[in-house]
Amino acid sequence: MNNAFIIGQYIPGESIIHRLDPRTKITIIFFFVIIVFFANSIASYGLLTVFSIGSALATRIKLSYIIKGLTPVWFLIIFTFILHLVVTREGDVLFELLSFPVYSGAVAQGSAISLRFFLLILVTSLLTLTTSPIEITDAIESLLHPLKRIKFPVHELALMMSISLRFIPTLMQETEKISKAQASRGVDFKTGPIKERLQAIVPLLVPLFVSAFKRAEELAMAMEARGYQGGEGRTKLRELKIKPIDIVTFGIFCLIIIGLYLTRT
Amino acid sequence: MDISFENVAYTYQPKTPFEHRAIHDLSFQVSSGTFVAIVGHTGSGKSTLIQHLNGLLRPTQGQVTIGDYQLSSDKKLKEMKELRRRVGVVFQYPEHQLFEETVAKDIAFGPANFGVDQAEIKKRTYEVIQAVQIPEDLLERSPFDLSGGQMRRVAIAGVLAMEPEVLVLDEPTAGLDPRGQKDIMDMFYRLHQEKNLTTVLVTHSMEDALHYADHVIILDHGTKYMEGKPAEVFVKKEELNKVQLDLPEVIQFIFKVEEKFGFRLTYRGQELSELAQELKELIRGADNHE
Ligand SMILES: Nc1ncnc2c1ncn2[C@@H]1O[C@H](COP(=O)(O)OP(=O)(O)O)[C@@H](O)[C@H]1O
Ligand SMILES: [Mg+2]
């Protein structure tokens, strides 16, 4: 299991960000993803950076852990930056790197794009870090509720999502268990020629599929046995409620949007 | 092979918010040919411990020595494959590891990975299916068509076919019917003696630990709580209850008899029915004297 990679991981906690209504978080992120593309000056980028880092700090999860957990993303960011340095030809030539002329426009554009990319990933990973999968599903069901009018199967979609999310950790554990069992029978997943390593996947995948199908069947049976019949008239165990803190957070976010509008050039 | 743990600690996902110290300050020694039982409450670190025996986990602190192989946090073992061949592990619910089209192929999977030739694999296959009592005509069937108990036996056969010198068993009888449990434990015990194995059994059954093991190690919260000969460890009622373990039935019986009749039957590995018989004769003998 790759423990270091944090995208999609949930870390339970009691911070302000954890306690926000998941709908608040999703809505803010939705708008954040849009407004990131409106930033165009150093001040506006600065504002968004402060907002993102501030939110990350407010989760009370160690910033170093988050930054390290995004390692694979860092490579992408650096790659994007370098690509820009090489291909963009705007502004003046600043210096030459391995006989490639580097333009000032390239540095500016490369930094801007990389920063945008970083902020997007950081803020979206804060959602999954601080919100349990179940909360996310509930929020999506609630936010998509209006679509029911046009016969969109909102409840079914949410159910599918929450079942898949629920079984991700189970499948991860199962993968680990089976790969250990097969490693004990002499399978080498980590070294050797590519061909052999690909073949080593079969003894892992077959048992995984078998158990996933078995689980699905058992779950369906258990749901039916308990009289499950879908969305109509079903009450909820966890009710979502907008609290004062959500309103304050929205207020702060609106200020950020106004600030962004003012700092744009 | 001799097994030794020296101040071993293992932490899952170190340096993350999920950091979890599963075992710590664990030291013990087991000499070659011993049948060891490891008992402890759920979550006490039994499965973590046994994964060190074939190098699936490397201690985050301390040192594990199995025969001539040494595992520690700072260096990788070069002869990992050799160690895995010599230490066979039967995991909890081993039937989950079956994947081949036929029972025969699945049994052959382990030995083939370790480079055993076809003729030898064939010979071993017939040996091991006899040991686990799988009829020969199942060899060409799909393992997924078998009953749960049969699948378990096939999976065990797959590990035995590697002909390990150390056999590690993680609750091998969990979920089987009582009859099947006894069959399988008797089978492991017979193999242990015939092949001169070193056997490490993780079990929830105090009865099995008492009945089969030469040595018991009790774990609690990731470290050793007690160890010793089963007949000596399993009479310490208070200490065992403190870590939520019960006495084996036979020992409970002996204590009850003492309470009721005021004398102590001596335990020499008898079954409950044999003890009852002894008691009957003792009481009758006492009657005759009067
Ligand atoms: N892969 C893992 N990641 C994190 N923690 C684990 C993992 N496996 C086991 N643990 C934890 O380590 C502790 C010991 O587990 P384990 O060795 O499986 O105990 P036992 O086999 O005695 O029930 C438990 O608290 C368990 O939750
Ligand atoms: Mg266990």
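**Concerning the domain arrangement of chain A**
Then comes step 1: Split into domains, chain A comes out as domain 1 (1-131 + 238-265) and domain 2 (156-234).
Then comes step 2: Centre-to-centre separation of domain 1 of chain A and domain 2 of chain A, based on C-alpha positions: 33 Å.

**Let's talk about a positive patch on the surface**
Residue and element names in this part refer to chain A.
Then comes step 1: Together, R19, R60, K241 and K243 make up a region of like positive charge exposed at the surface.
Then comes step 2: Its place among the elements puts K243 in the loop between helix 10 (202-225) and helix 11 (244-263).
Then comes step 3: Residue classification places K243 among the partly exposed positions, given a relative accessible area of 35%.

**Focus on the interface of chain A and chain B**
Then comes step 1: The partner chain B presents 26 residues to the 21 residues of chain A that form the contact.
Then comes step 2: Interface area for chain A against chain B, summed over the two sides, is near 2000 Å², with a carbon-plus-sulfur share of 63%.
Then comes step 3: Taken as a group, K180(A), S184(A) and R185(A) account for 35% of the area that chain A buries against chain B, more than any other trio of residues on that side.
Then comes step 4: Remark: the boundary between chain A and chain B carries one salt bridge.
Then comes step 5: Note that D106(B) and R185(A) form a salt bridge whose closest N and O atoms lie 3.0 Å from each other.
Then comes step 6: Across the contact surface, chain A and chain B share six residue pairs in polar contact (both at pLDDT 80 or more).
Then comes step 7: Secondary structure elements with two or more residues in the side of chain A that touches chain B: helix 8 (154-184) and helix 10 of chain A.
Then comes step 8: Of the residues contributing to the side of chain A that touches chain B, the split by class is 13 nonpolar, five polar and three charged.

**Quick word on the site of ligand 1**
Then comes step 1: Lining the immediate environment of ligand 1, one finds 13 residues, of which H20(B), G43(B), K46(B), S47(B) and T48(B) sit closest.
Then comes step 2: Neighbouring residues of ligand 1 are distributed over chains A and B.
Then comes step 3: Between ligand 1 and Y12(B) there is a distance of 3.5 Å, counted from a nitrogen atom to a side-chain nitrogen or oxygen.
Then comes step 4: Alone, ligand 1 offers 560 Å² of accessible surface; in the complex the protein occludes 69% of this.
Then comes step 5: Where the shell around ligand 1 is concerned, the elements lending two or more residues are strand 2 (20-30) and helix 1 (46-50) of chain B.

**As for the layout of surface pockets**
All names here are of chain A.
Then comes step 1: For the second largest pocket, the calculated volume is near 990 Å³.
Then comes step 2: Looking at the second largest pocket, it is lined by 28 residues, and the ones nearest its centre are H155, L159, S162, R234 and R238.
Then comes step 3: Contributing elements (two or more residues each) for the lining of the second largest pocket: helix 7 (133-143), helix 8 and helix 10.
Then comes step 4: For the lining of the second largest pocket, the leading source of residues is helix 8, giving seven residues.
Then comes step 5: A per-class count over the lining of the second largest pocket returns eleven nonpolar, seven polar and ten charged.

**Examining the side chain of S72(B)**
Residue and element names in this part refer to chain B.
Then comes step 1: Note that S72 resides in strand 5 (residues 69-72).
Then comes step 2: Owing to a relative accessible area of 7%, S72 belongs among the buried residues under this scheme.
Then comes step 3: Looking at S72, its side chain comes within polar contact range of the side chain of D74, at 2.7 Å.
Then comes step 4: In contact with S72, not counting residues within four places along its chain, are R58, P59, G62 and Q63.

**Some details on helix 3 (residues 42-58) of chain A**
Residues and elements named next belong to chain A.
Then comes step 1: Across its 17 residues, helix 3 extends 24 Å between first and last C-alpha, which sits within 8% of the 24 Å expected from 1.5 Å per residue.
Then comes step 2: All buried positions along helix 3 are accounted for by S44, Y45, L48, F51, S52, S55 and A56. The arc that holds the buried residues of helix 3, viewed along the axis, is 130 degrees, so those residues lie on one side. Every exposed residue of helix 3 that faces more than 90 degrees away from the buried side is listed here: I42, V50 and L57.
Then comes step 3: The inward-facing, buried residues of helix 3 contact helix 1 (16-19), helix 2 (22-35), helix 4 (63-69), helix 6 (104-130) and helix 11.
Then comes step 4: Trailing helix 3 by a residue or two, R60 shows a phi angle of about 65 degrees, which is positive.

**Comments concerning the pairing of strand 3 (residues 35-40) of chain B**
Residue and element names in this part refer to chain B.
Then comes step 1: Within strand 3, six of the six residues are buried, which leaves it mostly tucked inside the rest of the structure.
Then comes step 2: Across the two faces of strand 3 the burial is the same, with F35, A37 and V39 and V36, I38 and G40 all buried.
Then comes step 3: With four bridges connecting them, strand 3 and strand 8 (residues 198-202) associate as parallel partners. Across the sheet, residue V36 finds its bridge partner in strand 8, namely V200.
Then comes step 4: Sheet topology places strand 3 next to strand 9 (residues 215-220); five bridges connect them, and they run parallel. Of the residues in strand 9, the one forming a bridge with G40 is L219.

**Some details on empty space enclosed by the protein**
Residues and elements named next belong to chain A.
Then comes step 1: Scanning all chains against the criterion turns up three cavities of 30 Å³ or more.
Then comes step 2: One number sums up the size of the largest cavity: a volume of about 80 Å³.
Then comes step 3: Where the lining of the largest cavity is concerned, the elements lending two or more residues are helix 8 and helix 10.
Then comes step 4: Residue contributions to the lining of the largest cavity peak at four residues, all from helix 10.
Then comes step 5: Taken together, the residues of the lining of the largest cavity sort by class into five nonpolar, two polar and three charged.
Then comes step 6: Of the pockets and cavities examined, the second largest cavity occupies roughly 50 Å³.

Each value, and the rule that gives it
- Residues numbered from 1 in each chain as written.
- Chains lettered and ligands numbered in written order.
- Predicted model: local features only at pLDDT ≥ 70, side-chain atom pairs only at ≥ 80, totals over all residues.
- Heavy atoms only, no water.
- Domains from an automatic or database assignment.
- Patch = residues over 30% accessible without salt bridge, like charges linked within 9 Å, V, L, I, M, F, W, Y side chains within 5 Å.
- Areas by Shrake-Rupley, 256 points an atom, 1.4 Å probe, with all protein chains shown as cover.
- Salt bridge = Lys/Arg side-chain N within 4 Å of Asp/Glu carboxyl O.
- Lys, Arg positive; Asp, Glu negative; His and termini not counted.
- Charge placed at Lys NZ, Arg CZ, Asp CG, Glu CD.
- Helix = DSSP H or I, 4+ residues; strand = E, 2+ residues; numbered from the N terminus.
- Buried < 20%, exposed > 50% of the residue type's maximum accessible area, 1.4 Å probe, protein only.
- Contact = heavy atoms within 4.5 Å.
- Buried area = accessible area lost by both parts, 1.4 Å probe.
- Polar contact = N/O pair within 3.5 Å; in protein donor to acceptor, adjacent residues only side chain to side chain.
- Nonpolar A, V, L, I, M, F, W, Y, C, P; charged D, E, K, R; others polar.
- Near = heavy atom within 4 Å.
- 1 Å grid on protein atoms, 1.4 Å probe; cavity = no way out; pocket = protein on both sides within 12 Å on 5 of 7 lines; lining within 4 Å.
- Points joined across faces, edges and corners; volume = space filled by probe spheres on them.
- Expected span 1.5 Å × (residues − 1).
- Arc of directions from axis to C-beta.
- Pairing = 2+ DSSP bridges.

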